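Chain residues, written in single-letter form:
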Amino acid sequence: MNRQQRRKIQKELLKDLANGNIRQTKAEYEKAKLDREAELVLNFLGICSKALRIEFGFGKKRNARFVSKVHELLDEVALGHIDLEDMIDNLK
């Protein structure tokens with residue numbers, strides 16, 4: 001990046017700050033993305049738990065075991081011990 005390009009970016013940033021628009025850094029963006037993904041997983045897990053309770057009569061203990069097992073499997077996927085695509089193929 002040359003001096004002219006750096007000055008243009010710096011000018012745009014100052015203009016955004018003056019207007020009250022603050023850009024996120026990449027780290028802030030990634031953190032927000034991970035937070036949204038975690039919220040999505042928790043919401044889906046809540047829906048699954050509710051469905052198990054309504055359809056199959058799962059109580060608190062069974063539901064807790066289900067949630068615990070899901071967390072365990074998600075950790076295994078995150079560590080790379082289990083391939084998520086293999087799990088999806090098993091559902092087909």
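Since the model is a prediction, treat every value here as computed from it, not as a measurement. (Residues numbered from 1 in each chain as written. Predicted model: local features only at pLDDT ≥ 70, side-chain atom pairs only at ≥ 80, totals over all residues. Heavy atoms only, no water.)

### Some thoughts on the overall build of the protein
- Each helix and strand in the protein was counted, giving four helices and zero strands.
- Helices and strands appear in the protein in the N-to-C order α-α-α-α.
- A globule of 92 residues ought to have a C-alpha radius of gyration of about 12 Å, yet the protein, at 22 Å, is considerably larger.
- If one aligns the C-alpha atoms of the protein with their principal axes, the spans along those axes are about 65 × 30 × 20 Å.
- In the protein, which comprises 92 residues, the proportion classed as buried is 7%.
- Only carbon and sulfur atoms are counted for the fraction: they give 57% of the accessible area of the protein, which is about 8,600 Å². (Helix = DSSP H or I, 4+ residues; strand = E, 2+ residues; numbered from the N terminus. Rg over C-alpha atoms; globule rule 2.2 N^0.38 Å. Buried < 20%, exposed > 50% of the residue type's maximum accessible area, 1.4 Å probe, protein only. Areas by Shrake-Rupley, 256 points an atom, 1.4 Å probe, with all protein chains shown as cover.)

### Considerations on the packing of aromatic side chains
- Applying the stated criterion across every chain yields a total of zero aromatic pairs.
- Directly above the aromatic system of Phe58 lies the positively charged group of Arg62, at a separation of 4.5 Å from the ring centroid. (Phe/Tyr/Trp six-rings, centres within 6.5 Å; stacked < 30°, edge-to-face > 60°. Lys NZ or Arg CZ within 6 Å of the ring centre and 35° of its normal.)

### A word on the confidence of the model for the protein
- Predicted confidence across the protein gives a mean pLDDT of 85, with 93% of residues reaching 70 or more.
- When the elements of the protein are averaged for pLDDT, helix H1 (residues 3–19) gives the smallest value, 78, and helix H3 (residues 60–79) the largest, 91. (pLDDT = per-residue confidence, 0-100.)

### What about H3?
- Relative to the 28 Å expected for 20 residues at 1.5 Å per residue, H3 spans 28 Å between its end C-alpha atoms, a close match to the ideal helical length.
- A positive backbone phi angle near 90° is found at Gly80, which sits one or two residues after H3. (Expected span 1.5 Å × (residues − 1).)

### Considerations on the side chain of Asn63
- Structurally, Asn63 is set in helix H3.
- Setting aside its immediate chain neighbours within four residues, Asn63 contacts Ser49, Leu52, Arg53 and Phe58. (Contact = heavy atoms within 4.5 Å.)

### Things to note about the packing of helix H2 (residues 26–56) against H3
- Contact pair H2 / H3: the axes reach a minimum separation of 10 Å and the direction vectors enclose 145°. For the pair H2 and H3, the crossing hand works out as right-handed. Taking contact as the criterion, the partners of Val41, Leu45, Cys48, Ser49, Leu52, Arg53 and Phe56 in H2 are, on H3, Lys60, Arg62, Asn63, Phe66, Val67, Val70, His71 and Leu74.
- Per-class residue counts for the contact of H2 with H3 are nine nonpolar, three polar and three charged. (Axes fitted to C-alpha atoms, helices over the stretch in contact; angles between N-to-C directions. Left-handed = near helix turned anticlockwise from the far one by under 90°. Nonpolar A, V, L, I, M, F, W, Y, C, P; charged D, E, K, R; others polar.)

### Considerations on the pattern of salt bridges
- Applying the stated criterion across every chain, the model contains three salt bridges.
- Put simply, Asp35 and Lys31 hold a salt bridge, and the shortest N to O gap is 3.1 Å. With Asp35 and Lys31 both in helix H2 and four residues apart, the pair spans about one turn of that helix.
- For Lys31, a relative accessible area of 53% corresponds to the exposed category.
- Across the salt bridge formed by Glu72 and Lys69, the nearest N and O atoms sit 3.2 Å from each other. Separated by three residues within a single helix, Glu72 and Lys69 lie in helix H3, roughly one turn from each other.
- Taking relative accessible area as the criterion, Glu72 reaches 41% and is therefore assigned partly exposed. (Salt bridge = Lys/Arg side-chain N within 4 Å of Asp/Glu carboxyl O.)

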